[in-house]
Structure formats: structure tokens, C-alpha cells
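Single-letter residue listing:
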Amino acid sequence: MKYSALALLRGAWRSHRNWAQAWRSPEPKHAYDVVIVGGGGHGLAAAYYLAKNHGVTNVAVIERGWLGGGNTGRNTTVVRSNYLFPESARLYDFALRLYEGLGRELNFNVMLSQRGHLMLAHSRHDLESMSRWVNTMHMHGIDAELVSREQVGALAPALDLSPGARLPVLGGFRQARAGTARHDAVAWGYARAASALGVDIIQECEVTGFVKDGAGRVTGVETARGPIRAERVGLAAAGHSSVLARLAGFRLPVVSYALQAMVTEPVKPRLDTVVISPGTGVYVSQSDKGEMVIGGSLDLFASYAQRGSFAVMQSVLAGTLALFPSFSRLRVMRQWAGIVDVVHDSSPIIGPTPIPGLYINCGWGTGGFKAIPAGGWTLAHVLATGRNHELAEPFQLERFATGRFIDEAAAAGIAH
Ligand SMILES: Cc1cc2nc3c(=O)[nH]c(=O)nc-3n(C[C@H](O)[C@H](O)[C@H](O)COP(=O)(O)OP(=O)(O)OC[C@H]3O[C@@H](n4cnc5c(N)ncnc54)[C@H](O)[C@@H]3O)c2cc1C
């Protein structure tokens, strides 16, 4: 069923009883060409691009909970491509360009709002490194600009730029094409489009192990609903990637941490861009509903508890109020955390694993929502062809043996 203004009117005429389920929920088959573990954005996008780009439709996405219930539905929805190294800039800008056409392509409103992303400079050193960063981005052909203190004030009038401000703001670094997109809609849009192309979406079905042949090749997965055979298996399980890798028989250089976020009660439009202050590790945007969406630093101890610690919540809120003192009147309505998969060089891992037949997409850490279209595209490519996509080539697991790291810690926004 095609979503359109006309369909909405027709729905209203029939008291909205005409809507079909957005995706099918079939019983799992005994065998597929490809099984993807993890029904977050990356797993669902990979399934969609497998069907659309490669014609591989005998595919199942196996999710232990509900679609987007991992980090995809828990993130703060920021999309941008202001990365420093050419390999990452290419990958993330490819994702942003796909985001720009995604609503139309999936026939699902992903609510992309290119309201810009503004990084604050609190010192001359910040300004100098930002000017280097802007120049590098121009060399990659990606939009970015240095902005003055006055321009910062015009872009985000709620910021405290008074002489006595707790944190001086000397200027900033802006990417105008960046912004936010609705996270659930990205997962649901890919799920709906993949399901329409024949992909089976299986929820509430945990993968508990891997089936291998005598030569050690993965030939399927063990699940809570029985074994499922597959020619190739893709892992897109974010914070649980190392758990699954251990089940498959190899180790990943991934540490899982809780990353938390919170929203305030909704208010009238007050902040029309995404503001990040790397000095405090805090970033804020205003959702379409009017809530202030606040994110900050990692809980820096390994954890699988989707809560986040009080100490980090307190320091994130203190940083927010130092930047926006008027927000002190807002009440925090909800706080939560997701388990993010952090890699030493803050860059993703995409491609083959040491186990034949098993491919992986992980290591996105605190910033993989913006990469979902590219992560799905490149995982689909390696699953369909057995060869890594050129965009993913530098991000293979083997870089931890060769030492060819892509250290994006600074551009990760939230340092890790
Ligand atoms: C608070 C917070 C804020 C963030 N903010 C941003 C942001 O503003 N911008 C940005 O770009 N990124 C952000 N991120 C990071 C981003 O959310 C993630 O990098 C991205 O969503 C990862 O997507 P994914 O599909 O790989 O993982 P997920 O969405 O986590 O999906 C993995 C899925 O695998 C499933 N799974 C795990 N184990 C199994 C198993 N054994 N069997 C079956 N299924 C299994 C999980 O249930 C989960 O649904 C944020 C993350 C958090 C937590």
C-alpha cells in the first residue's frame, strides 16, 4: 500500500480502518540465502539493499526484541557527515546523501530535518582545530563553515553569550546539511520496504548460537525458535556484537558501554539547530514535538545495563545549563541508555570475519544512526558478492592486525 496524502484522505473517510500492516511477521523458514542478526537500522537497511540492489530476496532479519529496540530507537537522531579522514568523510557523506532521498525512496516519512549542526568553540585552540577541520572537509567536497560568535548567537539565541557566561563561546563550526531524522521511522521505513520486496522480518527470536559445517564455515544460526540454515550470515548487533562473535568463535576489539540521553517536557520552538559543545561533552536539539533532546558522554565503564549512571546524567545536565541557563526551568521527562559498541579508533568494522560465511557490521559506537544507509548498503554488498564495497574497504576487521587505523575520536562528537 502506497502512503500518500490521498491514501490519508481515503483512510480518514474509512475511519482509518483500511491500513495494512507495515511489514509481514511470518514464521521463520528452515533456510534462507542470507540471515541478518539484529533488527536495528543497519540490519534492516542491509536486508533492504540486498533485495533492492542485488535481487537477493530470500533473506531473514532475526531480532531478539522489537525492531529498533536497540540503539536505533534510543539515539538522539543527529545526522551529519563532518568527519576528518577521507575514508570516513566519504562513508558518512554517502549516508547523508542517501538520507536526503530516503523518505521518497522508502515511501516513508523519515522526518529528515536539515537544520544544521553547530559545534561550539570555547577557546582559541578549539577555533584553530575547527578551521583545520573545515579546510579538510572542503578538500573532501563536503559543506562546512567556520562561524563567528555573532553568527552563533543568531543561530542559537538561547545560548548564554553574555560576558559573564560560564563557558565563553568564541565561534563555531557548522555543517548546514546536517540535522536530525526520526529514528523509529528509519527502522520502520526500511522494514516496510524490505518486507514488500520479500524479506522475512522475525521479531522476538534471539540468536543463541551458530551452526557450522566440518570445515568451520557458518551454515546457519541457532535461535530461540530452532535452527535456521543460511548460505551467509550477517551480524548487525551493535553493543552485543562481541557476545555474538564469541558464540561464533572469534574475538572483536569492541567494548560495550552505556550511552545515555534524556528529553525535557515539550516547549515552543526555542532551538532551531543541533548544538554540540565538545568541551562539556554535551549536545542539544529540539524535537519536532518540542522536547529538548539532550545527550552527552559515555558512562566510561563496560556495561550491558540500558540505564546509564547518575553521575554522568548530572554532569550532562550541568553542562547543558551552563550553555542554556534558561533551560533550568524545564523538567526532564525521560532518561534512558543504549549499549554502544566502541572500537579503539572510533571507526566502524564492516566486512568479512575470520569465520567463513560470517560477515559483520559493528563498531559504530556513539554515532552509527547517521551511517545507517551506508552501513546497510555496504553490508548488503559484502553479503551478496563476498567482496567488500570500496567504501567499506578501509574499515575491515583486519586493520587491527595491519595497524591501519582511522582514528576519528575527535570527529565522533562524543569523545570515546
Ligand atoms: C543515547 C544514544 C544516543 C545516540 N545518538 C546518536 C546520534 O545522535 N547520531 C548518531 O549517528 N548515532 C547516535 N547513537 C548511536 C546509534 O544509535 C547506533 O550507532 C546505531 O543505532 C546502531 O545501529 P545498529 O542497527 O547497528 O544497532 P541497534 O539499533 O542496537 O540494533 C542491533 C539489534 O541487534 C539485536 N540483537 C542483539 N543481540 C541479538 C541476538 N542475540 N539475537 C537477535 N538480535 C540481537 C538488538 O536487540 C538490537 O535491536 C546514539 C546511541 C545512543 C545509545
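Scroll up to find the structure.
With that out of the way, let us pick up the overall build of the chain. Secondary structure assignment for the chain yields 11 helices and 18 strands. Taking 22 Å as the expected radius of gyration for a compact globule of 416 residues, we find that the chain reaches 21 Å, a close match to that expectation. With respect to the principal axes defined by its C-alpha atoms, the chain has extents near 70 × 60 × 40 Å. A burial count over the chain gives 57% of its 416 residues as buried. Intrachain contacts of the chain at a sequence separation of at least 6 include 75% that bridge at least 24 residues. Entry remark: accessible area of the chain is about 17800 Å², with carbon and sulfur atoms responsible for 54%.

Another aspect to go through is helix α8 (residues 241-248). Spacing of three or four residues puts side chains on the same side of an α-helix, whose turn is 3.6 residues. What α8 keeps buried is the set S241, S242, L244, A245 and A248. For α8, the angular spread of buried residues about the axis comes to 160°, placing them on one side. As for α8, its buried residues are in contact with β1 (31-37), β9 (207-212), β11 (226-235), β12 (254-264), β16 (332-343) and β18 (358-362). Where α8 ends, the next residue or the one after it, G249, has phi of about 105°, a positive value.

Attention shifts here to the layout of surface pockets. Volume-wise, the second largest pocket comes out at about 510 Å³. Contributing to the lining of the second largest pocket are 22 residues, with T77, R182, H183, S287 and E291 lying nearest its centre. Residue assignment for the lining of the second largest pocket shows that the elements contributing at least two residues are α7 (183-196), β14 (282-286) and β16. Split by residue class, the lining of the second largest pocket holds 5 nonpolar, 9 polar and 8 charged.

Attention shifts here to the site of the ligand. Surrounding the ligand, one finds 37 residues, the nearest of these being E63, N71, T72, T76 and K370. Between R64 and the ligand, the recorded distance is 3.1 Å, taken from a backbone N or O atom to a nitrogen atom. One nitrogen or oxygen atom from the main chain of T366 is found 3.1 Å from a nitrogen atom belonging to the ligand. The protein chains hide 96% of the 1000 Å² of surface that the ligand would expose on its own. When residues of the shell around the ligand are traced back to their parent elements, those giving at least two are α2 (41-54), β12 and β16.

With that settled, the discussion passes to the pattern of salt bridges. Scanning the entire structure with this criterion turns up 14 salt bridges. Across the salt bridge formed by D93 and R97, the nearest N and O atoms sit 3.4 Å from each other. With D93 and R97 both in helix α3 (residues 86-100) and 4 residues apart, the pair spans about one turn of that helix. Judged by relative accessible area, D93 falls into the buried class, the value being 7%. Between R174 and E145 there is a salt bridge; the shortest N-O distance is 3.2 Å. In this pair, R174 is assigned in strand β6 (residues 171-175) and E145 in strand β5 (residues 145-148), connecting sequence segments 29 residues apart. One salt-bridge network, held together by shared partners, links D93, R97, E100, D143 and R177.

Here we come to the packing of α2 against α7. Contact geometry of α2 with α7 gives a least axis separation of 8 Å together with a crossing angle of 30°. It follows that α2 is roughly parallel to α7 by the angle criterion. Handedness of the α2/α7 crossing: left-handed. Within the contact between the two elements, α2 uses L44, A45, A47, Y48 and Y49 and α7 uses A187, Y190, A191, A193 and A194.

Moving on, we come to the packing of α3 against helix α10 (residues 372-385). Two numbers describe how α3 lies on α10: the axes approach to 7 Å, and their chain directions differ by 105°. The pairing of α3 with α10 is recorded here as roughly perpendicular in orientation. Contact residues: α3 offers L91, F94, A95, L98 and Y99, while α10 offers I372, P373, A374, W377 and T378.

The alternating pattern of strand β13 (residues 274-277) places V274 and I276 on one face and V275 and S277 on the opposite face, and all of these are buried. With 3 bridges connecting them, strand β4 (residues 117-121) and β13 associate as parallel partners. Paired with M119 across the two strands is I276, which belongs to β13. Relative to β14, β13 runs antiparallel, the two sharing 3 bridges. Following the sheet pairing, S277 is matched in β14 by V282.

Another point: the sheet that holds β14. Strands sit in the order β5-β6-β4-β13-β14-β15-β12-β16 across an open sheet of 8 strands; the sheet is mixed. Every interior strand has two partners, whereas the edge strands, β5 and β16, have only one. Strand-to-strand twist across the sheet, computed as the mean angle between neighbouring axes with direction ignored, equals 25°. Helix α5 (residues 124-139) contacts β4, β5 and β6 of the sheet and is inclined by roughly 25° relative to β6.

The subject of this paragraph is a nonpolar patch on the surface. Taken together, M1, L8 and W19 make up a surface patch of nonpolar side chains, about 300 Å² in accessible area. Relative to the helices and strands, M1 resides in the segment before α1 (5-13). On the basis of relative accessible area, M1 is assigned to the partly exposed category, the value being 48%.

By the definition in use, this model includes 13 aromatic pairs. With 5.7 Å between their ring centres and 55° between their planes, Y48 and Y190 make a pair best called tilted. With Y48 in helix α2 and Y190 in helix α7, this pair connects stretches of sequence that are 142 residues apart. For Y190, a relative accessible area of 0% translates into the label buried. Relative to W377, the ring of F94 has its centre 5.2 Å away and its plane inclined at 85°; by these criteria the two rings are edge-to-face. Residue F94 is located in helix α3, and its partner W377 is located in helix α10; the two are separated by 283 residues in the primary sequence. In this structure W377 comes out as partly exposed when scored by relative accessible area, which is 22%. A connected cluster of aromatic rings, assembled from ring pairs, spans Y48, Y49, F94, Y190 and W377. Geometry around Y3 places R192 over its ring, the cationic atom sitting 3.6 Å from the centre.

About the criteria used
Residues numbered from 1 in each chain as written. Predicted model: local features only at pLDDT ≥ 70, side-chain atom pairs only at ≥ 80, totals over all residues. Heavy atoms only, no water. Helix = DSSP H or I, 4+ residues; strand = E, 2+ residues; numbered from the N terminus. Rg over C-alpha atoms; globule rule 2.2 N^0.38 Å. Buried < 20%, exposed > 50% of the residue type's maximum accessible area, 1.4 Å probe, protein only. Contact = heavy atoms within 4.5 Å. Areas by Shrake-Rupley, 256 points an atom, 1.4 Å probe, with all protein chains shown as cover. Arc of directions from axis to C-beta. 1 Å grid on protein atoms, 1.4 Å probe; cavity = no way out; pocket = protein on both sides within 12 Å on 5 of 7 lines; lining within 4 Å. Points joined across faces, edges and corners; volume = space filled by probe spheres on them. Nonpolar A, V, L, I, M, F, W, Y, C, P; charged D, E, K, R; others polar. Near = heavy atom within 4 Å. Polar contact = N/O pair within 3.5 Å; in protein donor to acceptor, adjacent residues only side chain to side chain. Salt bridge = Lys/Arg side-chain N within 4 Å of Asp/Glu carboxyl O. Axes fitted to C-alpha atoms, helices over the stretch in contact; angles between N-to-C directions. Parallel < 35°, antiparallel > 145°, perpendicular 65-115°, else oblique. Left-handed = near helix turned anticlockwise from the far one by under 90°. Pairing = 2+ DSSP bridges. Patch = residues over 30% accessible without salt bridge, like charges linked within 9 Å, V, L, I, M, F, W, Y side chains within 5 Å. Phe/Tyr/Trp six-rings, centres within 6.5 Å; stacked < 30°, edge-to-face > 60°. Lys NZ or Arg CZ within 6 Å of the ring centre and 35° of its normal.

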